[in-house]
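# Working through the structure, step by step
Single-letter residue listing:
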Amino acid sequence: MVSQLASLAEAVALYRGRRYGAARRIVDRILREQPEHGRAWELRGLLWWAVGERGLAEGSLETAMTLVPLCPAAAVALGDCYAAVPRCELSGSLYELASAHPEASVATLLAAAAGLDGLGAPHRSVRICRLAILRDAEFAQSYYDLGYYLKRTGAPPHIVEAAARQAIALAPDRLNYRVGLAGFLAQRGRIAEAHALVEHLQPAAIETAHCPCCLDRLASVFETVGDHERSAACRARSQALTTRHGTASQREVDPCDGC
């Protein structure tokens, strides 16, 4: 048993280091020796989920769920699997289960919030983001995501803006926060304020942005002030992202919170 515990810990470390194949080999060995090792099934599911194999992930996580209570990260992963089917009620229950766990990491809370938003429940996402902020008031992404979901629920623009500005205050170098808020302001005709957020942005930095809608709005900001070079860079980046990515990337969460 001690040997298996050590091996599972090694597999978790490999997973966190994105060495998924090596981690899976260890997990498969554990399961050959002890087929009812719930945590090994759980990690096996997370490993498949990490590489986008939702069918294999779902089977492993469902097996794990019959043997142990799922940790928050695994609950989010299984929720994602069900959302893709879709089995929306089960998916939503799993996201809520993950968010209710006292040891869920902030990253896992935000992943659960994103899942609920994908199910068309941004008001529930708002609640979970606020929980994430209570858990760590210095984590900028929680505020930015909160602003996004507040906008989705129809909250007043000044509240949405305040959340985004808090994210920028905590992480002033995060380009996507500035681009997102600039796009939001531009949409409301506040071009000068939008431009002030991004006036020092270089074309090379635009290549790191990942939201086509925000980039399109940012392009409009630059066009309005006569900066055609950066406007063109935004348009080109937006087009490249739209062409390249047909689906959202896999969310990353801590594989062991609450285990």
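This text gives an overview of the structure that appears in the document. (Residues numbered from 1 in each chain as written. Predicted model: local features only at pLDDT ≥ 70, side-chain atom pairs only at ≥ 80, totals over all residues. Heavy atoms only, no water.)

### Here we look at the overall build of the protein chain
Here is the rule we go by: Here a helix means four or more residues in a row that DSSP labels H or I, a strand means two or more in a row labelled E, and each is numbered from the N terminus. Two residues form a contact once any of their heavy atoms are found within 4.5 Å. All accessible areas in this document rest on Shrake-Rupley with a 1.4 Å probe, and a residue is counted as covered only by the protein chains that are shown.
For the protein chain, the count of helices and strands is 15 helices and zero strands. Counting only C-alpha atoms, the protein chain reaches 65 × 35 × 30 Å along its principal axes. Here the contacts in the protein chain between residues at least 6 apart in sequence split such that 59% fall between residues at least 24 apart. Per element, the accessible surface of the protein chain, about 12500 Å² overall, is 55% carbon and sulfur.

### Description of the packing of aromatic side chains
Inclusion rule: Only the six-membered ring of Trp is used, alongside the rings of Phe and Tyr, when aromatic pairs are assigned; centres must lie within 6.5 Å, and planes under 30 degrees apart are stacked while those over 60 apart are edge-to-face, with the rest tilted. Working rule: Lys NZ or Arg CZ, within 6 Å of ring centre, within 35 degrees of ring normal, means a charge sits over the ring.
This model, assessed by the stated rule, comprises three aromatic pairs. Summarising the aromatic geometry, the rings of Tyr148 and Tyr149 are spaced 5.3 Å apart at their centres and angled 70° between planes, so their arrangement reads as edge-to-face. Sitting above the plane of the Trp48 ring, Arg24 keeps its charged end 4.1 Å from the centroid. For Arg87, the ring lying beneath its charged end belongs to Tyr82, and the centroid distance is 4.4 Å.

### Concerning the pattern of salt bridges
Definition in use: A side-chain nitrogen of Lys or Arg and a carboxyl oxygen of Asp or Glu constitute a salt bridge if their distance falls within 4 Å. Only protein chains enter the accessibility calculation, which uses a 1.4 Å probe; a residue whose area is less than 20% of its type maximum is buried, one above 50% is exposed, and one in between is partly exposed.
Under the counting rule described, the total for this entry stands at 13 salt bridges. Of the charged contacts, one joins Arg39 and Glu42 as a salt bridge, the two residues approaching to 2.9 Å between their closest N and O atoms. Linking Arg39 with Glu42, this pair stays in helix H3 (residues 38-50), spanning three residues, or about one helical turn. Accessibility expressed as a relative area gives 24% for Arg39, which makes it partly exposed. Ionic contacts of the salt-bridge type, sharing partners, join the residues Glu161, Arg165, Arg190 and Glu193 into one network.

### Quick notes on the nonpolar core
The tendency in soluble globular proteins is for nonpolar side chains to be buried side by side. Rules: Put simply, buried Ala, Val, Leu, Ile, Met, Phe, Trp, Tyr and Cys residues joined by side-chain atoms within 4.5 Å make one nonpolar core.
Leu43 and Leu218 are the most contacted members of the largest nonpolar core, which totals 83 residues. Excluding residues within four positions of it along the chain, Leu218 makes contact with Val179, Ala182, Val198, Leu201 and Cys234.

### Let's talk about helix H10 (residues 157-170)
We apply this condition: To estimate how far a helix should reach, multiply one less than its number of residues by 1.5 Å. Arc definition: directions from the helix axis to the C-beta atoms.
An ideal rise of 1.5 Å per residue puts 20 Å on 14 residues; H10 measures up with 20 Å between its terminal C-alpha atoms. For H10, the set of buried residues is Val160, Glu161, Ala163, Ala164, Ala167 and Ile168. On an axial view of H10, the arc spanned by its buried residues comes to 160°, and they lie on one face. In H10, those exposed residues whose orientation departs by more than 90 degrees from the buried face are His158 and Ala169. Buried residues belonging to H10 abut helix H9 (140-152), helix H11 (175-187) and helix H12 (191-198).

### Observations regarding the environment of Arg152
Note the cut-off: Any N or O atom pair separated by 3.5 Å or less is treated as a polar contact, with the protein-specific requirement of one donor-capable and one acceptor-capable atom, and with residues adjacent in sequence counted only for side-chain atom pairs.
Mapped onto the elements of the fold, Arg152 is located in helix H9. With relative accessibility at 43%, the residue Arg152 sits in the partly exposed group. The spatial distance from the C-alpha of Arg152 to the C-alpha of Glu10 is 41 Å, given a sequence separation of 142 residues. Among the polar contacts listed, one links the side chain of Arg152 to the side chain of Asp117, at a separation of 3.0 Å.

### Regarding the packing of H3 against helix H5 (residues 72-83)
Where we set the bar: Simply put, an axis is a line fit to the C-alpha atoms, just over the touching stretch for a helix, and the angle between two N-to-C directions goes from 0 to 180 degrees. Just so you know how the angles are binned, under 35 degrees is roughly parallel, over 145 roughly antiparallel, 65 to 115 roughly perpendicular, and the rest oblique. For a crossing to be left-handed, the near helix must be turned anticlockwise from the far one by less than a right angle; the clockwise case is right-handed. Amino acids are sorted into nonpolar (Ala, Val, Leu, Ile, Met, Phe, Trp, Tyr, Cys and Pro), charged (Asp, Glu, Lys and Arg) and polar (every other residue, Gly among them).
H5 packs onto H3 with a crossing angle of 50° between their chain directions and a minimal axis gap of 10 Å. Taken together, the axes of H3 and H5 are oblique relative to one another. Of the two possible hands of crossing, H3 and H5 adopt the one that is left-handed. The segment H3 lies against H5, with Glu42, Leu46 and Trp49 engaging Ala73, Ala74, Ala77, Asp80 and Cys81. Residues belonging to the contact of H3 with H5 are distributed by class as follows: six nonpolar, no polar and two charged.

### Section: unusual backbone geometry
For the bond from Val85 to Pro86, the omega torsion is 0°, close enough to zero to count as cis. Position of Pro86 among the secondary structure elements: in the loop between H5 and helix H6 (88-100). In the Ramachandran plot, Arg18 falls in the positive-phi region, its phi being about 65° despite a non-glycine side chain. If you trace the backbone, Arg18 turns up in the loop between helix H1 (2-16) and helix H2 (20-33).

### Brief notes about helix H15 (residues 228-244)
With 17 residues, H15 should cover 24 Å at 1.5 Å per step; its first-to-last C-alpha distance of 24 Å lies within 8% of that length. Turning to H15, its buried residues are Arg230, Ser231, Ala233, Cys234, Arg237, Ser238 and Leu241. For H15, the angular spread of the buried residues around the axis is 160°, confining them to a single face. Across from the buried face of H15, at angles greater than 90 degrees, the exposed residues are His228, Glu229, Gln239 and Thr243. Contacts from the buried residues of H15 go to H12, helix H13 (203-206) and helix H14 (212-224).

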